[in-house]
Amino acid sequence: MKRLYFILILLLVAKVASAQEPDTPSVNMGYVQNGDTLIFKNIKEVVVFPNREFKSKRDYRRYTRYVRKVKKVYPLALKARVLLEEYEPQYYALETKKEQRQLMKQLEKELLDEHKQELKKWSISDGRILLKLINRETERTPYSLIKDFRGGFSATFWQGIARLFRNNLKAGYDPDEEDKVLEEIVTLIELGYL
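Note that this is a predicted model, so its numbers are computed, not measured.

**Here we look at the overall build of the protein**
Broken down by element type, the protein carries seven helices and two strands. Here the protein holds 194 residues, and 27% of them are scored as buried.

Next up, the structure:
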């Protein structure tokens, strides 16, 4: 019976040990201090958020709905960052304004063809979250992006449309104050917890 327990414990320990992933493949550097060897090794970042407490079931439902919306919108914000990194050098490499406008129209058509049906189903709050996340990912406000690529008149026009729907293309992203909950949710998504 003791052998059976010993084998069971040994198998559990082996399973746990094999499930752990190393932080880095090699040790970076070390030194000897008072006869002890101190080794420096890069480890994964650990993010700790306080447990979220809700005053009511309504607050809990509101939070879970917000998480669902962020999970729905976040992939498009990531795609916006990738597209900006890809097309911005091409855009500024073009010599004439006409070529730049053609590139933007072509890109706009491709994006509308790909996402038009999905975007029709979105609410105003989904768009507001997308604007915040685009600002987070590109480190530029949507207004400045439109102004850089489509011109000042177009940026002002779209800012007016956004204001009609209680949005603001010029609003920045503040992860420490106004957008603290959004930053927490995005961080948890990036870490794979949500």
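**A short note on the packing of aromatic side chains**
The full count for this structure, using the stated rule, is six aromatic pairs. Aromatic pair Tyr 91 and Phe 149: ring centres 4.9 Å apart, planes at 70°, arrangement edge-to-face. Residue Tyr 91 is located in helix H2 (residues 57-93), and its partner Phe 149 is located in helix H5 (residues 142-150); the two are separated by 58 residues in the primary sequence. Judged by relative accessible area, Phe 149 falls into the buried class, the value being 13%. A network of ring pairs unites the aromatic residues Phe 54, Tyr 60 and Tyr 63 as a single cluster. In this structure, Lys 170 packs its charged tip against the face of Tyr 143, placed 4.7 Å from the ring centre.

**Quick word on H2**
Side chains that are three or four residues apart share a direction in an α-helix, a result of its 3.6 residues per turn. Taking 1.5 Å of rise per residue, 37 residues should cover 54 Å, and H2 covers 54 Å from first to last C-alpha, within 8% of that figure. Along its length, H2 shows its largest kink, about 35°, at Tyr 87, and proline Pro 89 lies within four residues downstream of that point. Residues Tyr 63, Val 67, Lys 69, Val 70, Val 73, Tyr 74, Leu 76, Ala 77, Leu 83, Leu 84, Tyr 87 and Tyr 91 constitute the buried set of H2. Buried residues in H2 make contact with helix H3 (97-120), helix H4 (124-138), H5 and helix H7 (180-191).

**Things to note about a nonpolar patch on the surface**
Residues Tyr 31, Leu 38 and Phe 40 make up a contiguous nonpolar surface patch of about 270 Å² in total accessible area. Mapped onto the elements of the fold, Tyr 31 is located in strand E1 (residues 29-33).

**Re the environment of Gln 90**
Following the sequence through the fold, Gln 90 ends up in helix H2. The exposure class assigned to Gln 90 is partly exposed, which follows from its relative accessible area of 37%.

**Side note on unusual backbone geometry**
Leaving glycine aside, a negative phi is the common case for residues, and trans is the common case for peptide bonds. Unusually for a residue other than glycine, Glu 139 sits at a positive phi of about 60°. Relative to the helices and strands, Glu 139 resides in the loop between H4 and H5. The phi dihedral of Arg 166 falls on the positive side, at around 60°, and the residue is not glycine. Secondary-structure assignment places Arg 166 in the loop between helix H6 (152-164) and H7.

The rules behind the values
Positions within a chain are numbered from 1, following the residues in the order the chain's sequence is written. Only residues with pLDDT of 70 or above have their local features reported here, since the model is predicted, and side-chain atom pairs are shown and tallied only from 80 upward, although totals for entire chains, interfaces and linings are computed over all residues. Think of the side-chain values as coming from all heavy atoms in the structure, minus any hydrogens and water. In this description a helix means any DSSP run of H or I spanning at least four residues, a strand means any run of E spanning at least two, and both kinds are numbered starting from the N terminus. The rule is simple: take the accessible area with a 1.4 Å probe, protein chains only, and divide by the maximum for that residue type; under 20% is buried, over 50% is exposed, in between is partly exposed. Think of it this way: a Phe, Tyr or Trp ring, Trp meaning its six-membered ring, pairs with another when their centres are within 6.5 Å, and the plane angle makes it stacked under 30 degrees, edge-to-face over 60, tilted otherwise. A ring has a charge above it when a Lys NZ or an Arg CZ is no more than 6 Å from the ring centre and no more than 35 degrees off the ring normal. Here the expected span of a helix is defined as 1.5 Å times the quantity of residues minus one. Two axes define the bend at a residue: one fitted to the seven residues ending there, one fitted to the seven starting there, and the bend is the angle between them. Throughout, a residue-residue contact means that at least one pair of heavy atoms, one from each residue, lies within 4.5 Å. Every patch collects residues that have over 30% relative accessible area and no salt bridge, joining them within 9 Å if they carry like charges and within 5 Å if they are nonpolar side chains (Val, Leu, Ile, Met, Phe, Trp, Tyr). Exposure was quantified through the Shrake-Rupley algorithm and a 1.4 Å probe, taking into account, for residues, occlusion by the shown protein chains and nothing else. Each salt bridge in this description consists of a side-chain nitrogen of Lys or Arg and a carboxyl oxygen of Asp or Glu lying within 4 Å of one another.

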